[in-house]
Amino acid sequence: MSGSNMPLSPLRSIMMSVLLLLAVPPTQAQTSVTLILTNGKIWTGNPQRKEAEAVAISGNRILAVGSTSEMLNLKQPETPVFDLEGRRVLPGFDDAHVHFYSGGVNLTGPQLRHSKSEAEFRDTLAEFARHQPSGQWITGGTWDHENWTPARVPTRELIDPVTKDWPVFVDRLDGHMSLANSVALKLAGIDKNTKDVPGGVIVRDANGNPTGILKDAAQELVERVIPAPTQDDIKKAIHAAQNYANAQGVTSVQDMSAAPDIFRAYQSMLHNGELRVRISGHQPLPNWRRLADVGVRADFGNEYLHIGGVKGFADGSLGSTTALFFQPYLDAPNTHGIPSAELVDPQQMWSNIEGADAAGLQIAIHAIGDMANNTILGFYGRLQVKHGERDRRVRIEHAQHLLPSDIPRFAQLHVIASVQPYHCIDDGRWAEKRIGPERAKTTYAFRSLLDAGTTLAFGSDWDVAPMSPIMGIYAAVTRRTLDGKHPDGWVPEQKITVEEAVRAYTTGSAYASFEEKIKGTIEPGKLADLVVLSDDIFSIDPVKIADTKVYLTMFDGKVILGPQHGPYKKLPSGLLLRP
Ligand SMILES: [Zn+2]
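Residues numbered from 1 in each chain as written. Predicted model: local features only at pLDDT ≥ 70, side-chain atom pairs only at ≥ 80, totals over all residues. Heavy atoms only, no water.

S.K.: Would you mind showing me how to read the overall build of the chain here?
M.R.: Along the chain, the regular secondary structure elements total 19 helices and 25 strands. Judged by the C-alpha coordinates and their principal axes, the chain covers about 105 × 55 × 50 Å. The buried share of the chain, taken over its 579 residues, is 56%. When the accessible surface of the chain is split by element, carbon and sulfur atoms take 55% of a total near 23,700 Å². Averaging the locations of the 58 positively and 65 negatively charged side chains of the chain gives two centres separated by 2 Å. (Helix = DSSP H or I, 4+ residues; strand = E, 2+ residues; numbered from the N terminus. Buried < 20%, exposed > 50% of the residue type's maximum accessible area, 1.4 Å probe, protein only. Areas by Shrake-Rupley, 256 points an atom, 1.4 Å probe, with all protein chains shown as cover. Lys, Arg positive; Asp, Glu negative; His and termini not counted. Charge placed at Lys NZ, Arg CZ, Asp CG, Glu CD.)

As structure tokens, this is what we get:
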């Protein structure tokens, strides 16, 4: 200050003293402390200081982390203090693999996932249809015939009698097969004479007539006649999806299906301040030139909306027997799976991978079967040879069934394993009848991958599976299948620790989107995205992790209320985010 050495008049001196009393100390003058959380059990993710008690937040950033008394020293007159009452705090969960829009559509569509029989499936669909205007397409559903007794793939004959007035195209929860009714098949022009498409199957009965089941690429035959949703339709689904995400403690998602119309909706929501999760959107690998042509590279965007990844497919799924293996399926010995439409011509897929990498984009490829994984690892190895080492962070999505000899290659080639632990306790009920005990040993091989030095990024694959990090952590730690038949874990040697699972769902997934500098841990300067849990998952019996509830979700320094979040109503309204 220029006049600081000048003598002050008595009146001016008194005025200065009053001003000094009112003013905050100079170091905090620019930094207002907007919230202090005290008395928690905070897992910071920082290996130097893993546990802390309290955190001070300034705007949308973490200002400081430490003991309750240290943080209370930072309190300003207006700073609200919230007592966590000993609860466990983690960085906000970052789900590395979701299908956000279709998940949102399914939240508002027929709820077929939990049907236990053909009859229940049919009746639930009939009940939903009754409330729709006639002619309205009925989509979504995410049914799973593996839950039915008997576990039989449905046909159009089952649903035709109750859906005469509506075209129906409902998908299995893995998205790799869908059931059309006769109305939908007719609109799509599919009949006895329609030829199979590469990478897809039109399932037929003994007379050659389509049964209504379309697998993988064949699903497009119907999808292309379904009217495109409007921007308002899309935003409605995204709002439903992000409310669901927040209730699960998820504050970031990596959307593997951020098609242009969906990305446009995200952008509009960003401008309107409506995003309640951070979104990293991936574009289809075959469209990589669209990003390259405008100069977009990996890790472009801001802390709310992010782009620069491309997602490809190498094969299908285990549930649909389209995952690509070296050896045939035990229960379908005539097939060892099929390559995806992208991999039908491996040279074409390689040229997309090579082009996207040369353009500086990040590549993520879906691979389930051991042969699909082996092929993609081979492609990634070729990239290193051809384009040299760089921080490209290539990913394999699912990395589900691996040859033992391929496990060390993930770390050697710096391939991120973007995996979904919930699938393990779900598919684990029936996977062995399909692939046998030997291949099961390196299925969802999280322990082996970590021990080999692989970066694991956890996700859900929602809405193939619930977007519940709590259930994902439970699955990775216990490997107890949903049918209760493996109380000590299915392939128990592949269990990992709670901390390893938490890390994969926070720092691991942040790394997988190049965003580990801004999120994934609770450290000064990081985004103030936190989740507070009802129980301390680090100390309770792992079996009880499944019963843990999300007590509070904080996004961008503000609290998003969920059903159990009543106590937080006493926070100033400026700190609350409306859904
Ligand atoms: Zn997926």
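Once you've had a look at it, read on.
S.K.: Teacher, can you tell me more about the coordination of the zinc ion here?
M.R.: The expected angle between donors at a tetrahedral four-coordinate metal is 109.5 degrees. At an octahedral six-coordinate metal it is 90 or 180 degrees. With distances of 2.0 to 2.2 Å, the protein atoms coordinating the zinc ion are His97 (NE2), His99 (NE2) and Asp461 (OD). Between consecutive donor residues of the zinc ion, the sequence gaps follow H-x1-H-x361-D. Within this pair, whereas His99 is found in the loop between β8 (93-98) and α4 (100-107), its partner Asp461 is found in the loop between β21 (456-458) and α18 (469-478), the two being separated by 362 residues in sequence. Each member of the pair, His99 as well as Asp461, carries the same accessibility label: buried. (Donors = N, O, S within 2.8 Å, 3.2 Å for Na, K, Ca; no water.)

S.K.: Can you walk me through the sheet that holds strand β5 (residues 61-66) in this structure?
M.R.: One key point about sheets: their strands pair by backbone hydrogen bonds, in either a parallel or an antiparallel sense. Judged by pairing direction, the sheet is mixed, and its four strands sit side by side in the order β5-β4-β1-β6 without closing on themselves. Single-partner strands in this sheet number two, and they are β5 and β6 (81-83). For this sheet, the mean inter-axis angle between neighbouring strands, taken without regard to orientation, is 20 degrees. (Pairing = 2+ DSSP bridges. Axes fitted to C-alpha atoms, helices over the stretch in contact; angles between N-to-C directions.)

S.K.: What should I look at first to understand the environment of Glu223 in this one?
M.R.: The topology assignment puts Glu223 in helix α8 (residues 220-223). Residue Glu223 is classed as partly exposed on the basis of its relative accessible area, which comes to 42%. Each C-alpha atom, one on Glu223 and one on Val253, is 25 Å from the other, the two residues being 30 residues apart in sequence.

S.K.: Please clarify how the pattern of salt bridges should be interpreted in this entry.
M.R.: Note on pairing: side chains with opposite charge can pair once their charged atoms come close. Going through the model one piece at a time under the given rule, you end up with 32 salt bridges. A salt bridge links Lys519 to Glu515, with the shortest nitrogen-to-oxygen separation between them at 3.3 Å. Look at the salt bridges and you will find they share partners, linking Asp144, Arg172, Asp174, Asp426 and Arg429 into a network. (Salt bridge = Lys/Arg side-chain N within 4 Å of Asp/Glu carboxyl O.)

S.K.: I tried to follow the sheet that holds strand β24 (residues 558-560) on my own but got confused; where do I start?
M.R.: Spatial ordering of the open sheet is given by β3-β2-β7-β22-β23-β24-β25, a layout of seven strands whose pairing is mixed. Strands at the two margins of the open sheet, each flanked by one partner only, are β3 (51-52) and β25 (576-577). In this sheet, strand β23 (residues 550-555) lies alongside strand β22 (residues 530-533) in antiparallel orientation, the contact comprising four bridges. By the bridge assignment, Val531 is partnered in β23 with Thr553.

S.K.: Would you explain the pairing of strand β14 (residues 250-255) in this entry?
M.R.: Note on strand geometry: in a regular strand, side chains alternate between the two faces of the sheet. The buried count for β14 comes to six of six residues, which makes it a mostly enclosed element. Bridging between β8 and β14 involves four bridges; their strand directions are parallel. Within β14, the position partnered with Phe93 by the bridge is Val250.

S.K.: Sorry, what's going on with the pairing of strand β4 (residues 54-58) here?
M.R.: In terms of burial, β4 is largely enclosed, as five of its five residues are buried. Side chains Ala54, Ala56 and Ser58 of β4 all project onto a buried face; the interleaved residues Val55 and Ile57 project onto the opposite face, where all are buried too. Looking at chain direction, strand β1 (residues 35-38) and β4 are connected through three bridges and run antiparallel. If you follow Leu35 over to β4, its bridge partner there is Ile57. The pairing of β4 with β5 spans five bridges and is antiparallel. Within the sheet, the bridge partner assigned to Val55 lies in β5 and is Val65. Between β4 and β5, which pair antiparallel and follow one another directly, the connecting turn spans two residues, one of which, Gly59, has a positive phi of 60 degrees.

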